[in-house]
Each structure stands twice: as C-alpha cells, then as structure tokens.
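# Fold and contact review
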Amino acid sequence: MSMYSGLEVRVPFCDHRIVEYAYNMPWAFKALDGREKGIVRKAFENELPEVIVWRKKSPYPKTFHPAYTRLCADYVRRIFADRDAAASQLFSHAAVEKLMEQPESLAEPWYGQLMRTPQIFAYIIQLDRWFRQYKVRLA
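In this report, the structure presented in the accompanying data block is examined. Nothing here was measured: the structure is a model prediction, and the numbers come from that model.

## With respect to the packing of aromatic side chains
The geometry of two aromatic rings is summed up by the distance between their centres and the angle between their planes. Summed over the entire model, instances satisfying the criterion amount to 2 aromatic pairs. Judged by centre distance (5.3 Å) and plane angle (45°), the rings of Trp-130 and Tyr-134 are tilted. Overall, the relative accessible area of 54% leaves Tyr-134 in the exposed class. Taken together, the ring pairs in this structure connect Trp-130, Phe-131 and Tyr-134 into an aromatic cluster.

## As for the side chain of Asp-128
Position of Asp-128 among the secondary structure elements: in helix α7 (residues 117-133). Of the polar contacts made by the side chain of Asp-128, one reaches the side chain of Arg-132; its length is 2.9 Å. Once you skip the residues sitting within four places of it in the chain, Asp-128 turns out to touch Tyr-75, Ile-79, Ala-85 and Ala-87.

## What to know about the nonpolar core
Ranked by internal contacts, the top residues of the largest apolar core, which has 18 residues, are Val-76, Ile-79, Val-96, Phe-121 and Ile-124. For this core, the secondary-structure elements that each account for two or more residues are α5 (66-81), α6 (93-101) and α7. The greatest single-element share of this core, amounting to 6 residues, is contributed by α7. Residues contacting Phe-121, with those up to four places away along its chain left out, are Thr-69, Cys-72, Ala-73, Val-76, Val-96, Leu-99 and Met-100.

Rules and cut-offs
Residues numbered from 1 in each chain as written. Predicted model: local features only at pLDDT ≥ 70, side-chain atom pairs only at ≥ 80, totals over all residues. Heavy atoms only, no water. Phe/Tyr/Trp six-rings, centres within 6.5 Å; stacked < 30°, edge-to-face > 60°. Buried < 20%, exposed > 50% of the residue type's maximum accessible area, 1.4 Å probe, protein only. Helix = DSSP H or I, 4+ residues; strand = E, 2+ residues; numbered from the N terminus. Polar contact = N/O pair within 3.5 Å; in protein donor to acceptor, adjacent residues only side chain to side chain. Contact = heavy atoms within 4.5 Å. Core = buried A, V, L, I, M, F, W, Y, C linked by side-chain atoms within 4.5 Å.

The analysis is restricted to geometry; functional conclusions fall outside its scope.
Here it is in structure tokens:
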C-alpha cells in the first residue's frame, strides 16, 4: 500500500526527495558534530535512545568471511586470464595479485567503511559481468 501511494517505508532514507535534499545539503550539516549522518542523528536524538542515535555506523553487507574473499579472488584470476576481458585491462594485475596474497594488506577502506579487499574483487567481477552483458570493448 505504501508503494502504491508513492511512500517508501522499507528504506525511508532512500526516498528520492530525501536523497535529493541531502545531496544538496552542505557537508557541515551532513557531518554535524563531526559524525557521519550527523544531521539525522541530531534530528532523532530526542526520539530514540542515545545508545541507538549515537552508535557507530554498521552498514551492510559484511563480507569478511575468508571463503568469500577466496572465491572472489579465484573469479578475478579467471577474468585476468581471459585476454578478451575488458575489466582485466583496467587494473594492475600485480597490485590485485598482491591483495590476493595478502588481503589484510589494504590498510584503509577504498570506499566507505567496509570496502576492503573482498569488495575490490567483487567490484572487478561486477565490472566484468556488466562489460560482458553489454558487449563493451575498450578502445
């Protein structure tokens, strides 16, 4: 019923009007009090328990299982072995291979809070799948 009425209740902060508003909001508001989502935290500090409002952000998906990393690394190796794979041409094979050998060597997330080595592999896989689906060739 909510979607029929154009109301997003499953993930309310993904409502396009809120996203558009937040996109144009100055960073000082977004990071109010030096915290991610600071403006949202401030807005709800009198509505929700303090432990909820000010807890550390815990986004998903959490894909830290070594088997996931290993499976993604194996898939990337197959992509890199394919001479026709466009995604293979975009990355330093030596740098990616180093991550495969030492997944924990990535000191800082490459994007967001959880984007570490497994997500880099997943990103390469997603690019490969997209390039293949749409028959992309690099010039």
